[in-house]
Amino acid sequence: MAFAQATKSKSVSQPKKATILNTFRRDYQLWLMILPAIICVIIFNYIPMYGIQLAFRKYDFTAGLTGGEFVGFQYFIQFFNSHLFWDLIRNTLLISITTIVVGFPAPIALALLVNQIRWKRGKRILQTTVYLPHFISIVVLVGLLNVMLSPNTGVLGLLLAKLGVEGNLLASVNAFIPIYVLSDVWQHVGWNSIIYLAALASVDPQLYDAAKIDGANRWQIIRNVEIPAIIPTIVILLILNMGTVISTGFEKIFLMQNSLNLPISEVIETYVYKTGIMSNQFSYAAAIGLFNTMINFMMLVVVNTIAKKVARISLW
Amino acid sequence: MKKKIVLFIFVGLLLFLAACSNDEASNEPEETEDGRVVLTGLITKHPLTKELKDMEWLEEVEKKAGVDIKWEEVTADWDQKKGAMLAGGDIPDIIVGPNAITDADFAQFPGLFENLKPLIEENGANIQAMFEQQPKTEILSTQSNGDIYGLSKYQRFWPDTATMQFINQQWLDNLGLEVPTNWDELFDVLMAFKEEDANGNGDPNDEIPMDFSPVGEGGFGYFQPTVLLGSTGMTITGGGGQGYFLEDGEVKNFFTDDRYKDLVSSLHKLYANGLISEEAFTQDYSQYQAVARGEGENAKVGYTFGWEKTDRFGLQVADQYVSFAPMKQSADYQGDVSWSYDYDNLNYGVNFVQMSSQTSNKEAAMRFINELYDPEVSLQVLFGSIGPNIEKTGDNAYKVLAPQDEEMDPGTWKWTSSWADNGPMYIADDLEVELPTDMQSVDEQQAPFKEVFETVDENDVFPGMMLKYSEEDNNKMTLVNTDFMNLAISKFGEWITSGGIDEQWDDYVKQVDQIGLPSNIEIIQSYYDDYKAQLD
């Protein structure tokens, strides 16, 4: 049937090949509808890219972005030779990889779990409870962390002290990443699970029935029906996440920073802020930022290629 | 139909583009009905400070200068706003605020700000008077190329140091102890505070023997234990900053000095014995203030640093505390004792007022700025209007009045009524002023520190804020300092909380040298030598 339709429509429009011009003429209403979005992307995402050249020039206010003296890779070399270079790379990778390893599977597990709940009201209450923290602003969240983890007065601080975890966790180099990642998971797990729940909702009920008739238990249903159903979503989200692997959450890290956890909490983005914005080294900061973006871009391409080869799922 | 849609979209796009394009700002001088020049102004003020339109003195000054200023009042997030404003090149005619625009901004955005030097020569009698009577103010205002973009201030009444040390006398009395005179005695006293129920409330564990203000990642500031470096004879300024100090005219940095190592070791000894607040490194300043205010009559903190007793401990427990003279490093230490010398930082300030180079009527703007530096006006900038805040008791004599609201302390009254310390001012030395009670008590509490400063030589006081670096040197130093502070401040915290300074010290010094500290010291030394020559 489908085949017949295809051949039929093909025979009708046979003389015209699908060239770009043709698609414009044929679907101009669609193009018109998407035009505002295209304009926005060009204005806000592409035009500002000419600022990249700042990384190769000595910034001069009077001459504007494009006028400064061209210095080539000087600022990049300066960054590579910086004493903080390897520390920054290590901290950034450590924090973002831990975030992905711990934070990425959590919403999947939660979605599968929530999907098993048959009691509708309870399911709704649970879902709302877990996604609400998503709306807490980062400043408030870090404030909460400070209050709760305080070793003398905080609820969590006192509890952990009872369990034998001594000292001030906020000041500890070892505790920084766990606190950062776990609070991140707590905050976003509910929200991120929504997309998986949506994917699960689209699973054909016939598959469930068939599985049940075959005698599958809950665990087997999850393994053989539900997980395969959301794998495309998982892969796409993983690829997208890899594109930001080296962009840690600047605000949260910056707010959680103090003089004691600095050896682990100084990441590329906080360093860019300190040199670029606070000390007016615009060109240097632009170079570091560009370096950061290049790595992200490469990660995105690599992961996409792997996913395409292995699972035949990809962004492009 | 199709044509209509296309036309509709076309018109829409045109409107969109029209909205994007910039209206040409008119440079025509505007005037009010009574012939005053209309200018725009921006001030970064304290959140407590009342609206500018309610300040009587300001209204008078504007009238006298023949200007009418449309003020924009910024109380928060100035750093973020500033970047966008400067990069856009669209700035108000006059900008007021403590270092709101920095020397680095002048270097980064040349041509945006007016060189005030010729204008001062024509229309700036009050400013010239300040420059003559307080030569440091001229040095502070002048860039390395001789231009003047931002004007400094002279505030006169502020004391030699911003950081005093306080100890709880009542606790000492309860336990039969004396005020410590060296680090070893301090250790014993703090130990007693911790072990026994010093505040006498029945709970021997609620005392915090020692607390200090949180250390920022960019360097040291007021109310931090670096002031104890004075016990070794070192004079630091502004609480320590990035460690640069002066000894016999030679620029050094205490972060690689053995005396600093001694201090950190001894602080570690305190910390390891549970004598320093566990939250000293993670609390914010408001927590630091709140903890010391105790609970009711019950004081919580034994030994700490602050600006003034009631400010630090609140009215309830302030009476329990005394300020005391800087300690010696050890009982057998023979050398001089010093402290953080902050007189310049407290009484002078850089870049308090700037003018845009685009200002339509520069003479009028200069008249207004000059008027702010009139000594009588300056007094009102600091304490509030004559009438509600200040009483004129003689030709050159004034009395700062107590707050109208009886529950308010004089400090808060000052900050709510006027620009206070955030304003440009020149408080001439020949004004006779009866100060408010808070300033008087600062003076009394400072007595033990004054004695120390009598022996301090000018060649031992680093005039950090007086040195104006060229853009190139400034950039070079900033990059080194960012990396250097990253290492040094985190090591400072680590060594105090976990120890290990003896094993790591040599590697650390080597690393700091590699980062480039020696070249920074060299740069600063050459600027200092120039500054000295300028003064002579």
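All of these numbers come straight from a predicted model, not from anything done at the bench.

Definitions and limits used
- Residues numbered from 1 in each chain as written.
- Chains lettered and ligands numbered in written order.
- Predicted model: local features only at pLDDT ≥ 70, side-chain atom pairs only at ≥ 80, totals over all residues.
- Heavy atoms only, no water.
- Helix = DSSP H or I, 4+ residues; strand = E, 2+ residues; numbered from the N terminus.
- Rg over C-alpha atoms; globule rule 2.2 N^0.38 Å.
- Buried < 20%, exposed > 50% of the residue type's maximum accessible area, 1.4 Å probe, protein only.
- Contact = heavy atoms within 4.5 Å.
- Areas by Shrake-Rupley, 256 points an atom, 1.4 Å probe, with all protein chains shown as cover.
- Lys, Arg positive; Asp, Glu negative; His and termini not counted.
- Charge placed at Lys NZ, Arg CZ, Asp CG, Glu CD.
- Core = buried A, V, L, I, M, F, W, Y, C linked by side-chain atoms within 4.5 Å.
- Pairing = 2+ DSSP bridges.
- Axes fitted to C-alpha atoms, helices over the stretch in contact; angles between N-to-C directions.
- pLDDT = per-residue confidence, 0-100.
- Buried area = accessible area lost by both parts, 1.4 Å probe.
- Salt bridge = Lys/Arg side-chain N within 4 Å of Asp/Glu carboxyl O.
- Polar contact = N/O pair within 3.5 Å; in protein donor to acceptor, adjacent residues only side chain to side chain.
- Phe/Tyr/Trp six-rings, centres within 6.5 Å; stacked < 30°, edge-to-face > 60°.
- Lys NZ or Arg CZ within 6 Å of the ring centre and 35° of its normal.
- Right-handed = clockwise from strand over helix to strand, strands pointing away.

Draft legend 1. Spotlight on the overall build of chain A. The helix and strand inventory of chain A stands at 16 helices and two strands. The C-alpha radius of gyration computed for chain A amounts to 25 Å, which surpasses the reference 20 Å derived for 316 residues by more than 25%, pointing to a less compact arrangement than a globule. Over its C-alpha atoms, taken along the principal directions, chain A stretches across nearly 70 × 60 × 35 Å. For chain A, the proportion of its 316 residues judged to be buried stands at 37%. Taking contacts inside chain A between residues at least 6 apart in sequence as the whole, the part at least 24 apart equals 64%. Of the roughly 18700 Å² of accessible surface on chain A, 69% is carried by carbon and sulfur atoms. Across chain A, the centroid of the 23 positively charged side chains sits 13 Å from that of the 13 negatively charged ones.

Draft legend 2. Representation of the nonpolar core within the structure. In this structure, B:Leu151, B:Phe255, B:Tyr303, B:Phe368, B:Ile369, B:Trp419 and B:Tyr508 are the most contacted members of the largest nonpolar core, which totals 145 residues. Apart from the residues within four sequence positions on either side, B:Phe255 is in contact with B:Phe220, B:Gly241, B:Gln242, B:Gly243, B:Tyr260, B:Phe484, B:Met485, B:Ala488, B:Ile489, B:Trp505 and B:Tyr508. In terms of nonpolar packing, the next biggest core, distinct from the first, is built from 60 residues, A:Leu169, A:Val267, A:Ala287 and A:Ile313 among them.

Draft legend 3. Highlighting the sheet that holds strand 11 (residues 348-355) of chain B. Residues and elements named next belong to chain B. A sheet is described by the order of its strands in space; here five strands give the open sequence 2-1-3-11-4, paired in mixed fashion. Looking at strand neighbours, the two that pair on one side only are strand 2 (67-74) and strand 4 (150-154), the edges of this open sheet. Adjacent strand axes in the sheet meet at a mean angle of 30° when their direction is disregarded. With three bridges joining them, strand 3 (residues 94-96) and strand 11 adopt antiparallel strand pairing. Counterpart to Ile94 in the pairing with strand 11 is Met355. Contacting strand 1 (37-44), strand 2 and strand 3, helix 3 (residues 78-88) runs over the sheet at an angle of about 135° to strand 1.

Draft legend 4. Quick look at the confidence of the model for chain B. Residue and element names in this part refer to chain B. Per-residue confidence for chain B averages 89 on the pLDDT scale, and 95% of its residues sit at or above 70. Counting contacts from residues 21-27, a segment whose pLDDT is below 50, to residues more than four positions away or on other chains yields two contacts. Both scores are given for the predicted complex: the pTM is 0.81, the ipTM 0.74.

Draft legend 5. Spotlight on the interface of chain B and chain A. Chain B puts 32 residues into the contact, and the matching count from chain A is 33 residues. A buried area of about 3000 Å², summed over both sides, lies between chain B and chain A, and 59% of it is on carbon and sulfur atoms. The largest per-residue losses of area from chain B upon contact with chain A belong to B:Gln108, B:Glu217 and B:Leu479, which jointly make up 20% of the total buried on that side. In this assembly, chain B and chain A are joined by one salt bridge. As a salt-bridge pair, B:Glu217 and A:Lys274 come within 3.8 Å of each other at their nearest N and O atoms. For the pair chain B and chain A, the interface holds nine residue pairs in polar contact (both at pLDDT 80 or more). Elements represented by at least two residues in the side of chain B that touches chain A include exactly helix 1 (2-20), helix 3, helix 4 (103-108), helix 19 (471-498) and helix 20 (501-515) of chain B.

Draft legend 6. Up close: the packing of aromatic side chains. The full count for this structure, using the stated rule, is 55 aromatic pairs over all chains. Ring centres 5.5 Å apart and planes at 90° place the aromatic pair A:Phe56 and A:Phe73 in the edge-to-face group. Of the two residues, A:Phe56 is situated in the loop between helix 3 (28-46) and strand 1 (57-60) and A:Phe73 in the loop between strand 2 (64-70) and helix 4 (74-81); the sequence distance between them amounts to 17 residues. Relative to B:Tyr321, the ring of B:Phe313 lies with its centre 3.5 Å away and its plane at 5°, an arrangement referred to as stacked. Pair check on accessibility: B:Phe313 and B:Tyr321 agree, each one buried. The aromatic ring of B:Tyr288 is capped on one face by B:Arg312, whose charged end is 3.7 Å from the ring centroid. One Lys or Arg, B:Arg312, reaches over the ring of B:Phe313 and ends 5.7 Å from the middle of that ring.

Draft legend 7. Up close: the side chain of A:Asn304. Residues and elements named next belong to chain A. You can see Asn304 is positioned in helix 16 (residues 282-311). A residue is classified by how much of its surface remains accessible, and Asn304, at 1% relative accessible area, is buried. Residues in contact with Asn304, not counting those within four places in the same chain, are Ile239, Ser314, Leu315 and Trp316.

Draft legend 8. Structural detail: the side chain of A:Gln257. Locating A:Gln257 in the fold gives a position in the loop between helix 13 (250-256) and helix 14 (262-265). Polar side-chain contacts of A:Gln257 include one of 3.0 Å to the backbone oxygen of A:Ser265. Residues in contact with A:Gln257, not counting those within four places in the same chain, are A:Leu262, A:Ser265, A:Glu266, A:Thr270, A:Lys274 and B:Glu217.

Draft legend 9. Structural context of the pattern of salt bridges. Residue and element names in this part refer to chain B. Counted under the stated rule, the structure contains 30 salt bridges over all chains. Across the pair Lys53 and Glu51 runs a salt bridge, and its minimum N-O distance is 3.7 Å. For Glu51, a relative accessible area of 41% translates into the label partly exposed. Linking Asp54 and Lys53 is a salt bridge whose minimum nitrogen-to-oxygen distance equals 3.8 Å. Judged by its relative accessible area of 65%, Lys53 falls in the exposed class. Residues joined in a network through salt bridges with shared partners are Asp34, Arg36, Glu59 and Lys63.

Draft legend 10. Here's a closer look at the pairing of strand 2 of chain B. All names here are of chain B. Judged from the eight bridges that link them, strand 1 and strand 2 form a sheet pairing that is parallel. Its bridge partner lying in strand 2, Leu39 is registered against Ile69. Handedness of the strand 1-helix 2 (residues 56-65)-strand 2 crossover: right-handed.

Draft legend 11. How the structure looks around the sheet that holds strand 9 (residues 301-306) of chain B. Residues and elements named next belong to chain B. The strand order across the open sheet formed by four strands is 6-9-5-10, and the pairing between neighbours is mixed. One side of each edge strand has no neighbouring strand; the edge strands of this open sheet are strand 6 (208-211) and strand 10 (321-323). Put simply, the sheet's adjacent strands are angled 20° from each other on average, direction ignored. Looking at chain direction, strand 5 (residues 164-168) and strand 9 are connected through four bridges and run antiparallel. Looking at the pairing, Met164 lines up with Gly306 of strand 9.

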